[in-house]
Amino acid sequence: MPDDVIIETRNLTKVYRDFWGRQKVRALKALDLEVRRGEIFGLLGPNGSGKTTTIKLILGLLFPTSGQVLCFGRDATDVAKNERIGYLPEESYLYKFLSAEETLDFYGRLFRMSRRLRRQRTAELISLVGLAGAKKRQLREYSKGMTRRIGLAQALINDPELILLDEPTTGLDPLGIRDMKQMILDLRERGKTIVMCSHRLDDVEDVCDRIAILYEGELKELGRVDSLLKVRDVTEFQARGLSDTARQAVGQCIEREGGEVVSVGNPTTTLERLFLDIIAESEAHPGRRVVRRERDA
Amino acid sequence: MVVETQLIPFHQWIAQGPLVWLAVVAALVVVGVFFSALVAVVRHGPAVGLELTGRVLGSSVGDLFCMSPRRVWALTRLAIKDSLRRRVVVVFVVFLLLLLFAGWFLDPSSDHPLRLYIGFVLTATSYLVLLLMLFLSALSLPTDLKNKTLHTVVTKPVRPSEIVLGRMLGFVLLGTMLLVLMGAISYVFVIRGLAHTHEVVPGNLVPANSDEPAGTEGVPLRGKSTRANGHRHDVALDRTGRGRLEMTQDHFHRVTSQQQGDRTVYHVGSPEGMQVARVPLYGKLRFMDSQRHEADRGTNVGDEWAYRSYLQGGSLAAGVWSFDGVTPQTFPSGLQLEMTLGVFRTYKGDIEQGVAGVLLLRNPKTGLTVEAKVFKSREFSTDVHRLPRKLTPMTAYRLKEEKDSDGRVKYVREELAGNAKGQYDLFDDLTDDGHLEVWLQCLDPDQYFGVAQPDLYLRARNASFALNFAKGYFGIWMQMVLVICFGVMFSTFLSGPVAMIATVGMLVGGIFRGFMIELALGKTWGGGPVESFIRILTQDNVVSDLPEGIRTTVAQTVDAVLQRGLWVVARILPPFGDFDCADYVAYGFNVSGSWIGERGLTTLGFAVALFVVGYFFLKTREVAR
């Protein structure tokens with residue numbers, strides 16, 4: 001496993017079974033992924049596509065049926081890896097009888113943090129997520145947005161190298177969403193690696209460097225966002241200051257069609273368009289889709 | 001007090017208890033690893049399955065031995081806070097309400113009010129605390145799993161062992177705090193509830209000697225005290241006006257008098273003798289038959305309850321208690337011998353008089369035997385005999401140990417030469433290096449004394465009642481620890497309600513533990529499970545041997561295997577009732593250090609084993625399923 005690879009899944013498969021061992025659903029099918037240091041990696045897919053299962057397998061909350069997950073080169077069930085991980089679950093599963101301060105102090109105690117450091121981190125994080133005015137209140141009194149904020153704060157209590165965010169913008173108002181996205185980008189600036197899964201395509205498009213699109217447990221697309229959004233079978237020209245000869249040649253060609261050349265390049269589609277295309281293709285042609293590695297440039 | 005389970009001295013228990021524990025744990029480890037590997041192989045195939053099993057076992061060493069005290073403490077605090085959030089304080093309020101209204105249903109005029117009060121507070125406390133802990137321990141982890149709050153904990157560097165231990169410690173600490181509070185309040189409740197005094201009215205007193213006219217001064221007086229707490233006492237005052245209110249309802253009062261002008265005012269003290277913690281020195285009981293031959297048991301009078309064995313009256317049959325540690329340091333003012341005898345009458349006789357018996361003291365080395373006391377039995381109450389250091393017996397002789405032609409041990413009386421009726425020193429003449437034998441015989445022909453080993457003891461001293469009361473609460477504490485450990489262990493792989501039922505099932509199963517161990521050791525009639533089943537089908541008598549043949553051989557072979565399994569299963573069940581020492585406290589007996597030590601270590605043994613089992617279940621379960 002190269003040094004810059006933080007997470008690696010090899011042929012990762014998860015089958016959910018009932019009490020009698022009968023197969024209920026195949027949630028993940030032979031997933032091969034690599035998440036690299038310092039990037040924001042998005043897991044995209046409709047409900048039941050295996051995004052959350054993947055995150056839970058990375059965290060060791062679930063055990064693979066076959067295949068392997070390595071995180072920082074360690075097996076996912078090795079709790080020592082958690083020293084370097086922060087996790088924000090889909091819902092903020094926190095103890096509602098604790099206040100924000102008590103929550104962060106409790107999670108801080110689970111790491112090797114001195115009391116002084118815990119207090120310092122608690123104060124910093126409460127300020128970062130904008131809950132300074134409500135830090136003494138029990139979480140049961142918090143709104144959903146506030147709960148998400150304190151959830152993010154607990155995920156950052158140990159200043160982790162890898163942060164796993166499951167639907168980070170769920171329950172946030174537009175301002176909150178904007179702040180959350182900015183926080184994610186800031187974390188990347190500080191060298192953190194982030195894996196997030198989301199339904200919200202605009203979130204992923206705005207912040208992710210690379211994405212993987214899952215559908216019914218299978219990897220359908222993998223690559224850099226900007227690369228994936230390129231429409232490769234269309235050429236877009238944007239040119240200024242061409243020589244007369246060249247402009248004439250191109251212009252003649254375009255003028256023959258009654259248009260005007262403005263630029264030359266690759267036009268982009270939206271992530272939403274790409275996503276819907278892939279889903280439509282997967283429904284039309286079930287089975288594993290060959291992921292074009294070359295697009296992951 | 002009936003003590004059906006004989007308490008083994010701690011030094012004997014410690015020699016075998018840990019070995020039994022190790023044997024059971026070893027058996028469980030072998031069975032557990034085998035079945036875990038089997039499941040893994042079935043699910044993942046032989047290579048991966050065995051590798052997974054090995055990996056789990058390998059990582060368990062670190063998980064069990066490298067726990068972080070800081071993380072465990074954080075999880076302990078969380079469990080306490082979580083419990084407080086669930087309003088455990090309500091239980092405390094219920095307890096206070098029970099005490100508040102206890103006066104309505106606790107009858108202070110009972111014959112044994114202390115037993116009533118102590119029985120009430122210990123029962124109320126144990127029911128409330130055990131029920132509370134059952135709910136908390138069995139529901140806590142499943143609730144965390146259901147709410148997914150555990151997800152944010154296990155994704156921190158927390159070992160499953162720390163989660164299990166944190167829960168167990170949290171609930172134990174919370175329960176301990178509750179018990180300390182309840183114990184302190186209960187103690188005050190008992191002491192204050194039984195505190196009372198009486199008045200001695202001079203007009204109710206008459207001279208003890210009926211020849212003296214009433215009102216005569218400077219003579220011993222008798223009479224009755226005023227009524228308080230539903231009873232009154234006989235008053236016995238000496239010439240100086242001092243004396244006591246005689247023993248009633250297990251207590252007496254000291255009385256002093258003061259002359260105020262021409263009036264005598266009597267001051268009655270607080271009740272004494274009730275809140276005691278006797279420290280008994282128990283002997284080892286053996287029996288002599290009517291010819292003074294050693295016997296396994298006394299006479300069987302047909303009592304189904306085999307606790308007591310009977311001594312035939314008017315014969316040489318005797319119960320012999322051998323005591324160790326009878327020294328002047330332990331008994332500086334002579335022996336106080338206390339006994340509770342069962343009496344079996346073959347004819348009614350004078351029911352008021354009791355049956356006559358004699359106590360003999362014998363030096364086991366020299367055989368010197370003296371008749372220490374002839375007495376009339378007191379049924380249903382403790383009979384107290386004080387034997388001074390210097391004894392002047394009616395009879396003294398030597399009982400020599402011999403063997404008859406059958407090889408049986410018998411004791412032959414040999415008269416002493418010279419001063420047989422002289423004075424004997426308890427320690428110099430009748431004990432040998434602290435060893436003393438007390439022989440009990442029934443004198444009335446055709447009547448019987450029923451005796452069991454704990455029925456007769458030497459009262460060495462009194463221990464602190466408050467401390468003994470605390471030991472009663474320690475018994476509840478150990479029961480609570482067992483409930484918590486079972487509850488948490490089951491909750492690592494069962495849902496809350498099922499974990500609760502499973503915990504209760506284990507505790508109820510513990511009631512049959514003794515029978516199962518007897519069955520496993522082949523001490524019961526009718527053989528093992530298969531043989532017994534055959535007997536049920538064929539309606540064979542349990543005492544007759546099964547006909548020889550393949551069927552019997554197979555049945556007995558299978559039984560031998562099943563009995564070993566049964567032995568392990570029986571040892572897994574907690575001896576829950578053994579941890580209850582309420583009777584010791586209520587009947588005024590000191591709970592010994594051996595009792596505390598054995599039960600304490602047994603509790604620890606269960607706690608450690610249950611913690612490890614709980615850890616493995618949590619480790620191998622998918623938290624996010």
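This is a predicted model, so every value here is computed, not measured.

> Can you walk me through the overall build of chain B in this structure?
Summing up its helical and strand segments, chain B has 15 helices and 23 strands in all. Summarising its shape, the C-alpha atoms of chain B cover approximately 100 × 75 × 45 Å along the three principal directions. Residues classed as buried in chain B amount to 35% of the 625 residues present. Put simply, of all contacts in chain B between residues at least 6 apart along the chain, 72% involve residues at least 24 apart.

> Just checking my understanding: could you explain the confidence of the model for chain B for this structure?
Regions with low pLDDT carry predicted coordinates that are not meant to be interpreted in detail. In this model, chain B carries a mean pLDDT of 89, and residues with pLDDT of at least 70 account for 98%. Across the whole predicted complex the pTM is 0.85, and at the interface the ipTM reaches 0.83.

> Is there a simple way to explain the interface of chain A and chain B in this structure?
Interface extent is often summarised as the accessible area lost during association of the parts. At the junction of the two partners, chain A supplies 22 residues and chain B supplies 22 residues. Counting residues per element, the ones that place at least two in the side of chain A that touches chain B are helix H1 (51-59), strand E6 (85-88) and helix H2 (100-109) of chain A. Among the elements that make up the side of chain A that touches chain B, the one with the highest residue count is H2 of chain A (three residues). For the side of chain A that touches chain B, the per-class residue count stands at 17 nonpolar, two polar and three charged.

> What am I meant to see in the sheet that holds strand E13 (residues 342-345) of chain B here?
Picture the strands of a sheet paired through backbone hydrogen bonds; they go either parallel or antiparallel. All names here are of chain B. The sheet built from three strands is open, its strands ordered E10-E22-E13 with antiparallel pairing. Where the open sheet ends on each side, the last strands, each with one partner, are strand E10 (309-312) and E13. Adjacent strand axes in the sheet meet at a mean angle of 30° when their direction is disregarded.

> Help me understand the nonpolar core in this model?
One recurring pattern in soluble globular proteins is that nonpolar side chains are buried together. Among the nonpolar cores identified, the biggest contains 153 residues, and Leu 164 of chain A together with Ile 484 and Cys 485 of chain B are the most heavily contacted of them. Here the element with the most residues in this core is helix H9 (residues 465-491) of chain B; it accounts for 16 residues. Contacts of Cys 485 of chain B, omitting those with residues within four sequence positions, involve Met 168, Phe 606, Ala 607, Leu 610 and Phe 611 of chain B.

> Whenever I open this one, the pairing of strand E12 (residues 335-339) of chain B confuses me. Can you help?
Regular strands place their side chains on alternate faces of the sheet. Residue and element names in this part refer to chain B. Residues Leu 335, Leu 337 and Met 339 line the buried face of E12, whereas the alternating positions Gln 336 and Glu 338 sit on a face that is not buried. Two elements, E12 and strand E16 (residues 383-387), share five bridges in a ladder whose sense is antiparallel. For Leu 335, the partnering residue across the bridge sits in E16 and is Leu 387. Relative to strand E23 (residues 456-462), E12 is paired through three bridges, and the arrangement is antiparallel. Paired with Leu 337 across the two strands is Leu 458, which belongs to E23.

> What should I look at first to understand the environment of Arg 345 of chain B in this one?
If you trace the backbone, Arg 345 of chain B turns up in strand E13. On a C-alpha basis, the gap between Arg 345 of chain B and Asp 446 of chain B in space is 7.3 Å, while along the polypeptide they are 101 residues apart.

> Just to check I follow, could you spell out the domain arrangement of chain B for this structure?
Once the domains are mapped, chain B shows domain 1 (10-194 + 464-619), domain 2 (202-268) and domain 3 (282-462). Centre-to-centre, using C-alpha coordinates, domain 2 of chain B lies 37 Å away from domain 3 of chain B.

> Is there a simple way to explain the pairing of strand E3 (residues 40-44) of chain A in this structure?
Residue and element names in this part refer to chain A. In terms of burial, E3 is a largely internal element, five of the five residues being buried. Of the two faces of E3, the one lined by Ile 40, Gly 42 and Leu 44 and the one lined by Phe 41 and Leu 43 are each fully buried. In the sheet, E3 pairs with strand E8 (residues 193-198) via five bridges, with the strands oriented parallel. Bridge pairing in E8 places Gly 42 opposite Met 196. Direction of pairing for E3 relative to strand E9 (residues 210-215): parallel, over a ladder of four bridges. Pairing of Leu 43 across the sheet is with Ala 212, part of E9.

> What is the right way to read the sheet that holds E6 of chain A from this model?
Residues and elements named next belong to chain A. Pairing is mixed in the open sheet, where six strands are placed in the order E6-E7-E8-E3-E9-E10. The open sheet has two free edges, formed respectively by E6 and strand E10 (218-224), since each of these has just one partner strand. Between one strand axis and the next, the sheet turns by 15° as a mean value, whatever way the strands run. Together, E3, E6, strand E7 (162-166), E8 and E9 form the strand contacts of H1, whose direction differs from that of E7 by roughly 145°. Packed onto the sheet, helix H9 (residues 271-284) meets E3, E9 and E10 and runs at close to 30° relative to E9.

Cut-offs and rules
- Residues numbered from 1 in each chain as written.
- Chains lettered and ligands numbered in written order.
- Predicted model: local features only at pLDDT ≥ 70, side-chain atom pairs only at ≥ 80, totals over all residues.
- Helix = DSSP H or I, 4+ residues; strand = E, 2+ residues; numbered from the N terminus.
- Buried ≥ 20, exposed ≤ 12 C-beta atoms within 10 Å, placed from the backbone.
- Contact = placed C-beta atoms within 7 Å.
- pLDDT = per-residue confidence, 0-100.
- Nonpolar A, V, L, I, M, F, W, Y, C, P; charged D, E, K, R; others polar.
- Pairing = 2+ DSSP bridges.
- Axes fitted to C-alpha atoms, helices over the stretch in contact; angles between N-to-C directions.
- Core = buried A, V, L, I, M, F, W, Y, C linked by C-beta atoms within 7 Å.
- Domains from an automatic or database assignment.

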